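# Results of the structural survey
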Amino acid sequence: VSAILGIRKASTFEGEASTALEFAAEEWRSCMKKESGSTADSPTDIVKSSNGAVEDMRSFFLNTGEIVSHLTEARLAGEDPRKLAYEFHAELAAEIIAACEKAKRQTGIRRAALSGGVFQNRLLLELVDEGLREKGFQVLKHSLIPPNDGGIALGQAVYGMAYINRNTGLEV
């Protein structure tokens, strides 16, 4: 998406393009807040969600193809890439929220954990967090360990220690 919008066409390190996309979206949102004097819109107010979650128990597919198609057409029509970067984040957040609502309908669970490298993106984390809270979810987020590989590594180490303690009788 970053390349399609002309924000970052090549990366020199992992995450560079996605970070540039996030910063462009935040810059556009900040400019819009200053111009209008309003607070941030909810994710579903920016771009109408197509609710692309496929009806299949426990499986959720986000309709990212339609998002990319819309962004490509809008960029070719000359729309501001920062605005489109924000629309990308808002639409992705709306689809994540829709998938969580579907899971809630299927399971009754009203708690969502936002984890994984994608939630290092502050804007996406903020939009999903706010949207889920508005829908009555309890939202769990990282506070002491990172949501990406560092958190996975810590979890693997804890599991490994528990496995050794349980299966060898050794205290590590």
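Now for a quick tour of the structure. (Residues numbered from 1 in each chain as written. Predicted model: local features only at pLDDT ≥ 70, side-chain atom pairs only at ≥ 80, totals over all residues. Heavy atoms only, no water.)

### A word on the packing of helix α1 (residues 16-36) against helix α5 (residues 122-134)
Relative orientation and spacing of two packed helices are given, respectively, by the angle between their axes and the distance between those axes. Rule in force here: Between N-to-C directions, angles span 0 to 180 degrees; the directions come from axes that are lines fitted to C-alpha atoms, helices contributing only their stretch in contact. Helix and strand assignments come from DSSP, with helices taken as H or I runs of at least 4 residues and strands as E runs of at least 2, each series counted from the N terminus. By definition in this entry, angles of less than 35 degrees are roughly parallel, angles greater than 145 are roughly antiparallel, angles of 65 to 115 are roughly perpendicular, and the rest are oblique. What makes two residues a contact is simply this: any of their non-hydrogen atoms within 4.5 Å. Residues were grouped as follows: Ala, Val, Leu, Ile, Met, Phe, Trp, Tyr, Cys and Pro as nonpolar; Asp, Glu, Lys and Arg as charged; and all remaining residues, including Gly, as polar.
Where α1 meets α5, the axes come as close as 9 Å, and the angle between the chain directions of the two elements is 60°. Taken together, the axis directions place α1 and α5 in an arrangement best described as oblique. Contacts from Glu22, Phe23, Ala25, Glu26 and Arg29 in α1 reach Arg122, Leu123, Glu126 and Leu127 in α5. Across the contact of α1 with α5, the residue classes break down as four nonpolar, no polar and five charged.

### Quick notes on helix α6 (residues 149-168)
Operational definition: Under the convention used throughout, the expected extent of a helix is 1.5 Å for every residue step, that is, one less than its residue count.
Between the first and last C-alpha of α6 there are 28 Å, a value that for 20 residues agrees with the 28 Å anticipated at 1.5 Å per step. Just past α6, the residue Gly169 takes up positive phi, approximately 80°.

### Topic: the packing of helix α3 (residues 64-76) against helix α4 (residues 81-107)
Keep this limit in mind: Each crossing is labelled by how the near helix is turned from the far one, with a counterclockwise turn of less than a right angle marking it left-handed and a clockwise turn marking it right-handed.
At a minimum axis distance of 10 Å, the contact between α3 and α4 shows a crossing angle of 165°. In this view, α3 runs roughly antiparallel relative to α4, as classed from their interaxial angle. For α3 against α4, the interelement crossing comes out right-handed. Of the residues in α4, those touching α3 at Thr64, Ile67, His70, Leu71, Ala74 and Arg75 are Pro81, Leu84, Glu87, Phe88, Glu91, Leu92 and Glu95. Of the residues belonging to the contact of α3 with α4, the class tally is seven nonpolar, two polar and four charged.

From the geometry alone we can't say anything about function, so treat these as descriptive.
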